[in-house]
Amino acid sequence: MNLEELERLSGRIRDEIGKAVHGQTETVDLLLTALFARGHCLLEGPPGTAKTLLAQSLSSALKMDFGRIQFTPDLMPGDVLGVNIFDFGTSAFKLTKGPVFTDILLADEINRAPPKTQAALLQVMNERVATIDGTDYSLGDSFFVVATQNPIEQQGTYPLPEAQLDRFLFKLVIDFPDDAAEFEILRRHAAKPLNFASRREGLEAVLSTEDLAGARALIDSIRLDETILRYILDLVRATREDSEIRHGASTRAADALAGAVRALAALDGRDYAIPDDVQRLAIPALRHRIVLGPTAEIEGRTEADVMTNILNRIEAPK
């Protein structure tokens, strides 16, 4: 696969997702960037902003297995990973695989599960390996998690710890669409049957596992100029020195951002990165990896606000 083929393929995926999801162009672009960069995505937004539909539409555009976990307060780690069950017929234990054994996993309302169940995803997201009763089971290189959470409801939810959040390449905040986009959504749905499945009818699967592997191999061949690497590091180190931030981003965050920049450059048809790539990805890649200090919280500032100030303050390479 070459850059032209990758750009054309990513365009086809966008077109297919666009048949079901309207008004979320930037979110779709970043979701594809995470997929090709071997990362995972956390979608956060109020109910009814197409978070689940977006993940399902992505899966419909891929020729891969799709699994879903609806997180609830009574969900146990075994419900996520799977369990060994004794088979009296064979007098042996038999593995019943959990929903993580798939290619694309939708972890819906992930903050509704207790911490021990959330932690069950830590290893599989980082290493793509599930350990059950001391035995490791590979989930494959294509394993990709899209998790959703509702920031409004607090009762019956468990905030994701920093170690869990760090496993997500991007945190994408989805807001309500503008007036024109919202009217177009209503217009589209008014012409379809009144059921949820009809919204994804007609979507064609255009990306196979082989295509994904070829695209990722192409992205692996892209190298970043040292000026881009220095710019990424300057931004990350600035989060550790900012008076509004209590805990800054880690070295792993810088490495993850650099990998995402390579993927974005390739999806735009370039074998080189530019400062605009870094600026476009810095907020979604870093906002969930910093902890604001009391001053910023009292003033009602968000992680995105603080990161925007850092981006404005740190000079980009020419």
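See the structure printed just above.
If you're wondering where the values come from, they're calculated on a predicted model, not measured in any experiment.

### A word on the overall build of the chain
Secondary structure summary: the chain contains 13 helices and 13 strands in total. Its C-alpha radius of gyration of 20 Å places the chain within 12% of the 20 Å reference for a compact globule of 318 residues. When its C-alpha atoms are laid out on the principal axes, the chain stretches across 70 × 45 × 40 Å. For the chain, the proportion of its 318 residues judged to be buried stands at 49%. Pairs at least 24 residues apart make up 78% of the contacts formed inside the chain by residues separated by at least 6 positions. Just so you have it, the chain exposes about 15,200 Å², and 50% of that area is on carbon and sulfur atoms.

### Digging into the packing of aromatic side chains
Applying the stated criterion across every chain yields a total of 3 aromatic pairs. Taking 5.0 Å as the distance between ring centres and 85° as the angle between the ring planes, the aromatic pair formed by Phe-86 and Phe-88 counts as edge-to-face. The partly exposed category is assigned to Phe-86, whose relative accessible area is 34%. According to the relative accessible area criterion, Phe-88 is exposed, its value standing at 71%. Ring geometry for Phe-101 and Tyr-137: centres 6.3 Å apart, planes at 75°, overall edge-to-face. Note that Phe-101 is positioned in the loop between β5 (92-97) and β6 (104-108) and Tyr-137 in strand β8 (residues 135-138), a separation of 36 residues in sequence. Taking the relative accessible area as the measure of exposure, Phe-101 reaches 21% and is therefore partly exposed.

### Examining helix α1 (residues 3-18)
Over its 16 residues, α1 extends 22 Å from the first C-alpha to the last, a length consistent with the 22 Å expected when each residue adds 1.5 Å. At its buried positions, α1 is contacted by α2 (25-36), α3 (51-60), β2 (62-63), β11 (207-208), α8 (209-220) and α10 (251-267). Its side-chain oxygen at 3.2 Å from the backbone nitrogen of Glu-4, Asn-2 defines the N-terminal cap of α1.

### Some remarks on the nonpolar core
Formed by 75 residues in total, the largest nonpolar core has its most connected members in Ile-13, Phe-36, Phe-170, Leu-207 and Ile-232. Here the element with the most residues in this core is α10; it accounts for 12 residues. In this structure, Leu-207 is in contact with Leu-9, Ile-13, Leu-35, Phe-36, Ala-61, Leu-62, Lys-63, Met-64 and Leu-212, ignoring residues within four places of it in sequence. Of all hydrophobic cores here, the second largest spans 24 residues; its members include Val-100, Leu-139, Val-145 and Leu-165.

### Notes on the pattern of salt bridges
Taken as a whole, this structure holds 18 salt bridges when the rule is applied. Salt-bridge contacts for Glu-16 lead to Lys-19; the nearest nitrogen and oxygen are separated by 3.1 Å. Judged by relative accessible area, which is 8%, Glu-16 ranks as buried. Between Arg-313 and Asp-242 there is a salt bridge; the shortest N-O distance is 3.4 Å. Of this pair, Arg-313 sits in helix α13 (residues 303-313) while Asp-242 sits in the loop between α9 (226-241) and β12 (245-247), and the two are 71 residues apart along the sequence.

### Quick word on the environment of Ile-283
Here Ile-283 shows up in helix α11 (residues 275-286). In sequence terms Ile-283 and Ala-120 are 163 residues apart; their C-alpha atoms lie 27 Å from each other. If we skip the residues at most four places from it in the chain, Ile-283 touches Ala-304, Met-307, Thr-308 and Leu-311.

### Details of the side chain of Ser-208
On the secondary structure map, Ser-208 appears in strand β11. A polar side-chain atom of Ser-208 sits 3.1 Å from a polar atom in the side chain of Asp-211. Setting aside residues no more than four positions away along its own chain, Ser-208 makes contact with Lys-63 and Met-64.

### With respect to a nonpolar patch on the surface
Among the surface-exposed residues, Phe-86, Phe-88 and Phe-93 lie close enough to one another that they form a single nonpolar patch of about 390 Å² accessible area. By the element assignment, Phe-93 lies in strand β5.

### Some remarks on the sheet that holds strand β1 (residues 41-44)
The strands making up a sheet are joined through hydrogen bonds of the backbone, oriented either antiparallel or parallel. Ordered by their spatial adjacency, 5 strands build an open sheet running β3-β6-β9-β1-β10, and the pairing between neighbours is parallel. Only two strands of the sheet have a single partner each, and these edge strands are β3 (66-70) and β10 (170-173). The mean inter-strand angle of the sheet, taken between neighbouring strand axes irrespective of direction, is 20°. Where β1 and β10 come together, 4 bridges link them in parallel fashion. Paired with Leu-42 across the bridge in β10 is Lys-171.

What counts as what
Residues numbered from 1 in each chain as written. Predicted model: local features only at pLDDT ≥ 70, side-chain atom pairs only at ≥ 80, totals over all residues. Heavy atoms only, no water. Helix = DSSP H or I, 4+ residues; strand = E, 2+ residues; numbered from the N terminus. Rg over C-alpha atoms; globule rule 2.2 N^0.38 Å. Buried < 20%, exposed > 50% of the residue type's maximum accessible area, 1.4 Å probe, protein only. Contact = heavy atoms within 4.5 Å. Areas by Shrake-Rupley, 256 points an atom, 1.4 Å probe, with all protein chains shown as cover. Phe/Tyr/Trp six-rings, centres within 6.5 Å; stacked < 30°, edge-to-face > 60°. Expected span 1.5 Å × (residues − 1). Polar contact = N/O pair within 3.5 Å; in protein donor to acceptor, adjacent residues only side chain to side chain. Core = buried A, V, L, I, M, F, W, Y, C linked by side-chain atoms within 4.5 Å. Salt bridge = Lys/Arg side-chain N within 4 Å of Asp/Glu carboxyl O. Patch = residues over 30% accessible without salt bridge, like charges linked within 9 Å, V, L, I, M, F, W, Y side chains within 5 Å. Pairing = 2+ DSSP bridges. Axes fitted to C-alpha atoms, helices over the stretch in contact; angles between N-to-C directions.

Function-wise, these values are silent; they only describe arrangement.
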